[in-house]
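# Fold and geometry: a report
Here's the letter readout for the chains.
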Amino acid sequence: MDDKSIHDPYVALALAVIHHAAEDMESENPARVAEARAWLQFVGLSWCQMLGVSEEELNTWAANNFSLPPSVHRNWRY
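Everything numeric in this text was worked out from a predicted model, so none of it was measured. (Residues numbered from 1 in each chain as written. Predicted model: local features only at pLDDT ≥ 70, side-chain atom pairs only at ≥ 80, totals over all residues. Heavy atoms only, no water.)

Let's shift gears to the overall build of the protein chain. What the protein chain contains, in helices and strands, is 4 helices and 0 strands. Starting at the N terminus and walking to the C terminus, you meet the elements of the protein chain as α-α-α-α. The long-range fraction of contacts in the protein chain, counting pairs at least 24 apart against all pairs at least 6 apart in sequence, stands at 53%. Summed over all atoms, the accessible surface of the protein chain reaches about 5700 Å², with 56% contributed by carbon and sulfur. (Helix = DSSP H or I, 4+ residues; strand = E, 2+ residues; numbered from the N terminus. Contact = heavy atoms within 4.5 Å. Areas by Shrake-Rupley, 256 points an atom, 1.4 Å probe, with all protein chains shown as cover.)

Following this line, the structure appears as structure tokens:
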């Protein structure tokens, strides 16, 4: 994904939704975790593919339980 597409408002919105679902995977609420996992495994992965995330990156992310790295920038500016 290039820098130009990241600044597209629709791409930014999609990334924010994916990011929020990944954060929900760390919730203490089991129902929220289950819902986030189900969404990420189907819709979320499809969104990532549409955004140009490689198959290898998606497989690695799924294998790591959709965890976010500690250095992820959580305050995106559009």
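There's more to say after this.
Next up on the list: the packing of helix 3 (residues 30-50) against helix 4 (residues 55-63). Packing of helix 3 against helix 4 leaves a shortest axis separation of 11 Å and a crossing angle of 150°. One way to sum up the angle between helix 3 and helix 4 is to call them roughly antiparallel. In this structure, helix 3 crosses over helix 4, and the sense of that crossing is right-handed. Listed contacts from helix 4 to Leu-40, Leu-45, Cys-48 and Gln-49 of helix 3 are Glu-55, Leu-58 and Trp-61. (Axes fitted to C-alpha atoms, helices over the stretch in contact; angles between N-to-C directions. Parallel < 35°, antiparallel > 145°, perpendicular 65-115°, else oblique. Left-handed = near helix turned anticlockwise from the far one by under 90°.)

In this section: the nonpolar core. With 17 residues, the main nonpolar core has Ile-18, Met-25, Leu-40, Cys-48, Leu-51, Trp-61 and Phe-66 as its most contacted residues. The element contributing the most residues to this core is helix 2 (residues 9-24), with 6 residues. (Core = buried A, V, L, I, M, F, W, Y, C linked by side-chain atoms within 4.5 Å. Buried < 20%, exposed > 50% of the residue type's maximum accessible area, 1.4 Å probe, protein only.)

Attention shifts here to the packing of helix 2 against helix 3. At a minimum axis separation of 8 Å, helix 2 and helix 3 run at an interaxial angle of 150°. In this view, helix 2 runs roughly antiparallel relative to helix 3, as classed from their interaxial angle. In the crossing of helix 2 with helix 3, the sense of the turn from one axis to the other is left-handed. On the side of helix 2, the interface is formed by Ala-14, Val-17, Ile-18, Ala-21, Ala-22 and Asp-24, while helix 3 contributes Arg-32, Val-33, Ala-36, Trp-39, Leu-40, Gly-44, Trp-47 and Cys-48. A per-class count over the contact of helix 2 with helix 3 returns 11 nonpolar, 1 polar and 2 charged. (Nonpolar A, V, L, I, M, F, W, Y, C, P; charged D, E, K, R; others polar.)

Inspection of the secondary structure puts Asp-24 in helix 2. For Asp-24, which is buried and forms no salt bridge, the nearest opposite charge comes from Arg-32, at a distance of 4.4 Å. Dropping the residues within four chain positions of it, Asp-24 is found in contact with Arg-32, Val-33 and Ala-36. (Lys, Arg positive; Asp, Glu negative; His and termini not counted. Salt bridge = Lys/Arg side-chain N within 4 Å of Asp/Glu carboxyl O.)

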